[in-house]
Amino acid sequence: MKNSIWLIIVAGFVTGMGNGSVFTIATQLAVGRGPFPEAGLWGSDAYSPFTFEGFGNWVMIVFGLAFVWILASALKLHAVNEGYQKE
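It should be emphasised that the depicted structure is a prediction, and the values quoted were computed from it without experimental measurement.

Caption draft 1: Quick look at the overall build of the chain. A tally of helices and strands in the chain yields 2 helices and 0 strands. Taking 87 residues into account, the globule formula puts the C-alpha radius of gyration at 12 Å, and the chain, at 17 Å, lies well above it. When its C-alpha atoms are laid out on the principal axes, the chain stretches across 55 × 25 × 15 Å. Split into buried and exposed, the 87 residues of the chain put 24% on the buried side. The contacts in the chain between residues at least 6 apart in sequence include a share of 54% that link residues at least 24 apart. Accessible surface computed for the chain: about 6,200 Å², of which carbon and sulfur atoms make up 69%. Treating the 4 positive side-chain charges of the chain as one cloud and the 5 negative ones as another, the clouds have centres 15 Å apart.

Okay, structure coming up:
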């Protein structure tokens, strides 16, 4: 498990943020820019969840973290099933 930590982080974030971007686009197209007071395109506003751009970035980060957790759990259960690791 510890030998594959970078694989879990990179593959989880790439997959999760890719799926999060699709969810973000669908949500932003459905909701529109109306509920957001700022576009959030400059500086640290791009990471504020209360701006249009920041909302999208935070959704992608949350999806990335979720997929890292899912991948780590799946690989751990696989190692347990194969007898490489004890629970």
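Caption draft 2: Local environment of the environment of histidine 78. Examined against the element boundaries, histidine 78 turns out to sit in helix 2 (residues 52-82). Accessibility expressed as a relative area gives 44% for histidine 78, which makes it partly exposed. Sequence-wise, histidine 78 and phenylalanine 13 are 65 residues apart; in three dimensions their C-alpha atoms are separated by 20 Å.

Caption draft 3: The arrangement of the packing of helix 1 (residues 5-31) against helix 2 in detail. Two elements in contact, helix 1 and helix 2, have axes separated by 6 Å at closest approach and are oriented at 140°. In terms of their interaxial angle, helix 1 and helix 2 are classed as oblique. Both helix 1 and helix 2 take part in a crossing whose hand is right-handed.

Caption draft 4: Just a nonpolar patch on the surface, in detail. Taken together, Ile5, Trp6, Ile9, Val10 and Val14 make up a surface patch of nonpolar side chains, about 510 Å² in accessible area. Examined against the element boundaries, isoleucine 9 turns out to sit in helix 1.

Caption draft 5: Examining the packing of aromatic side chains more closely. This model, assessed by the stated rule, comprises 3 aromatic pairs. Centre to centre, the rings of phenylalanine 36 and phenylalanine 55 are 5.6 Å apart; their planes meet at 40°, and the pair counts as tilted. Taken together, the positions of phenylalanine 36 in the loop between helix 1 and helix 2 and phenylalanine 55 in helix 2 put the pair 19 residues apart, joining distant regions of the chain. Of the aromatic side chains, those joined through ring pairs into one cluster are Phe36, Phe52 and Phe55.

Caption draft 6: Layout of helix 2. Along its 31 residues, helix 2 runs 45 Å from first to last C-alpha, staying within 8% of the 45 Å computed at 1.5 Å per residue. Those residues of helix 2 that fall on the buried side of the exposure criterion are Gly54, Gly56, Asn57, Val59, Met60, Gly64, Val68, Ala79 and Val80. On its buried face, helix 2 is in contact with helix 1. Of the residues trailing helix 2, glycine 83 is marked for its positive phi of about 85°.

Reading the values: the criteria
- Here, residues in each chain are numbered from 1, in the same order as that chain's written sequence.
- Restriction of local features to residues with pLDDT of at least 70 applies here, the model being predicted, together with a cutoff of 80 or more for giving and counting side-chain atom pairs; totals for whole chains, interfaces and linings are based on all residues.
- For the side-chain quantities, the full set of heavy atoms in the structure was used; hydrogens and water were omitted.
- Going along the chain from the N terminus, every DSSP run of H or I of four or more residues is numbered as a helix, and every run of E of two or more is numbered as a strand.
- Each radius of gyration is computed over the set of C-alpha atoms, and the globule rule expresses the reference value as 2.2 Å times the number of residues to the power 0.38.
- Burial classification: accessible surface area is computed with a 1.4 Å probe over protein chains only, and a residue below 20% of its type maximum counts as buried, one above 50% as exposed, and the rest as partly exposed.
- In what follows, a contact means two residues having at least one pair of non-hydrogen atoms within 4.5 Å.
- Each accessible area is a Shrake-Rupley estimate made with a 1.4 Å probe; only the visible protein chains count as cover when residues are assessed.
- Within this scheme the basic residues Lys and Arg register as positive and the acidic residues Asp and Glu register as negative, but His and the chain ends are omitted.
- Charge positions come from single atoms, namely NZ of Lys, CZ of Arg, CG of Asp or CD of Glu.
- In this analysis an axis means a line fitted to C-alpha atoms, helices contributing only their contacting stretch, and an angle means the value between N-to-C directions, from 0 to 180 degrees.
- Reported orientations rely on four angle classes, namely roughly parallel under 35 degrees, roughly antiparallel over 145, roughly perpendicular from 65 to 115, and oblique for the rest.
- A clockwise turn of the near helix away from the far one marks a right-handed crossing, whereas an anticlockwise turn of less than a right angle marks a left-handed crossing.
- Patch building starts from residues that exceed 30% relative accessible area and form no salt bridge, then joins like charges within 9 Å and nonpolar side chains (Val, Leu, Ile, Met, Phe, Trp, Tyr) within 5 Å.
- Put simply, a salt bridge is a Lys or Arg side-chain nitrogen that is within 4 Å of an Asp or Glu carboxyl oxygen.
- Ring pairs shown here join Phe, Tyr and Trp side chains whose ring centres sit within 6.5 Å, with only the six-membered ring taken for Trp; geometry is labelled stacked below 30 degrees between planes, edge-to-face above 60, and tilted in between.
- Every helix has an expected span of 1.5 Å times one less than the residues it contains.

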